[in-house]
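Residue-level listing of the chains:
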Amino acid sequence: MYQFKDGDRVCFFGDSITHAGHFIRRIYDYYRNTLGVKLEMYNCGVSGNHTFHAIARMEKSLLNFNPTHVVMNFGMNDCGVWLYDGRKVDDECIRQRREQIDGCIKNLKIIAETLIEKGIKVIFCAPTIYDELTES
């Protein structure tokens, strides 16, 4: 795990998984209560967001906190979950899945490059797993 230090301002930027805030609270408690690190953490997650939404809201809902670090957790909405709903997986479905993933990667690069240009450290948090074999 990344070692934050006193005075760091960490923004968690993502979709509903971030917005729920459960893992952010645990990380904050660990640093404050176990390690004694005095830092600020901000939840900048918005339910239902895709990476293209994140680009549009970056200035207003992220950069206004003047973060030293941004933990990005996007991907669940960007992957096109409707393309994994049990439909026939043909060439067109595979093309659409790839298009969704490529779009997400492109947008993540735009976000990361923008943050890095501003001197902000970027940390990628992988989205939760998706098990295409489990029936919902």
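To start, this report covers the structure provided alongside it. (Residues numbered from 1 in each chain as written. Predicted model: local features only at pLDDT ≥ 70, side-chain atom pairs only at ≥ 80, totals over all residues. Heavy atoms only, no water.)

Side note on the sheet that holds strand E2 (residues 40-45)
Our working rule: At least two bridges found by DSSP between two strands is the condition for calling them paired. Numbered from the N terminus, helices here are DSSP runs of H or I no shorter than four residues, and strands are runs of E no shorter than two. Fitted lines through C-alpha atoms serve as axes, helices being fitted only where they are in contact, and the angles separating the N-to-C directions of these axes extend from 0 to 180 degrees.
Strand order in the open sheet formed by four strands is E2-E1-E3-E4, with parallel pairing between adjacent strands. Looking at strand neighbours, the two that pair on one side only are E2 and strand E4 (121-124), the edges of this open sheet. In this sheet, adjacent strand axes meet at a mean angle of 20° when their direction is disregarded. Strand direction decides the pairing type here: strand E1 (residues 9-14) and E2, joined by six bridges, are parallel.

A closer look at the packing of aromatic side chains
Each aromatic ring pair is characterised by the separation of its centres together with the angle its planes make. Counted only if it meets this: Note on ring pairs: Phe, Tyr and Trp rings are taken, using the six-membered ring of Trp, and paired if centres are within 6.5 Å. Classes follow the plane angle, with under 30 degrees stacked, over 60 edge-to-face and the rest tilted.
A full pass over the atoms with the stated rule returns five aromatic pairs. Seen from their ring centres, Tyr-30 and Tyr-31 are 5.7 Å apart, and the 85° between their planes marks the pair as edge-to-face.

Concerning unusual backbone geometry
Even without being glycine, Asn-66 reaches a positive phi, approximately 50°. With respect to the helices and strands, the residue Asn-66 is situated in the loop between helix H3 (51-61) and strand E3 (69-73).

So, the environment of Tyr-31
Position of Tyr-31 among the secondary structure elements: in helix H2 (residues 22-34). In sequence terms Tyr-31 and Ile-55 are 24 residues apart; their C-alpha atoms lie 29 Å from each other.

Side note on the side chain of Asn-49
What counts here: Accessible area is worked out with a 1.4 Å probe on protein chains only. A residue is then buried under 20% of its type maximum, exposed over 50%, and partly exposed in between. The definition of a polar contact used here is a pair of N or O atoms within 3.5 Å, where within protein one atom must be able to donate a hydrogen and the other to accept one, and adjacent residues in sequence count solely through side-chain atom pairs. Here a residue-residue contact requires only that any non-hydrogen atoms of the pair lie within 4.5 Å.
Along the polypeptide, Asn-49 turns up in the loop between E2 and H3. On the accessibility criterion, Asn-49 (7% relative accessible area) is buried. Looking at Asn-49, its side chain comes within polar contact range of the side chain of Arg-57, at 2.4 Å. Asn-49 has contacts with Gly-14, Asp-15, Ala-54, Arg-57, Phe-74 and Asn-77, leaving out every residue within four places of it along the chain.

Focus on the pattern of salt bridges
Pairs may arise between side chains of opposite charge once their charged atoms sit close together. Applicable threshold: One speaks of a salt bridge when a side-chain nitrogen belonging to Lys or Arg is within 4 Å of a carboxyl oxygen belonging to Asp or Glu.
Counted according to the given criterion, the structure contains six salt bridges. Asp-8 is the salt-bridge partner of Lys-5, the closest N and O atoms lying 3.4 Å from each other. Ionic pairing is found between Glu-92 and Arg-95, a salt bridge with its closest N-O pair at 2.6 Å. In this pair, Glu-92 and Arg-95 both sit in helix H4 (residues 91-117), three residues apart, roughly one turn of the helix. What makes Arg-95 partly exposed here is its relative accessible area of 40%.

Topic: the state of the cysteines
Put simply, the test is: A pair of cysteine sulfur atoms is labelled a disulfide when the two atoms are within 2.5 Å.
Tallying each qualifying case throughout the model produces zero disulfides. Free of any disulfide, Cys-93 has its nearest cysteine sulfur in Cys-79, 11 Å distant. Overall, the relative accessible area of 3% leaves Cys-93 in the buried class.

A few points about the pairing of E4
As judged from the four bridges shared by E3 and E4, these two strands associate in the parallel manner. Within E4, the position partnered with His-69 by the bridge is Lys-121.

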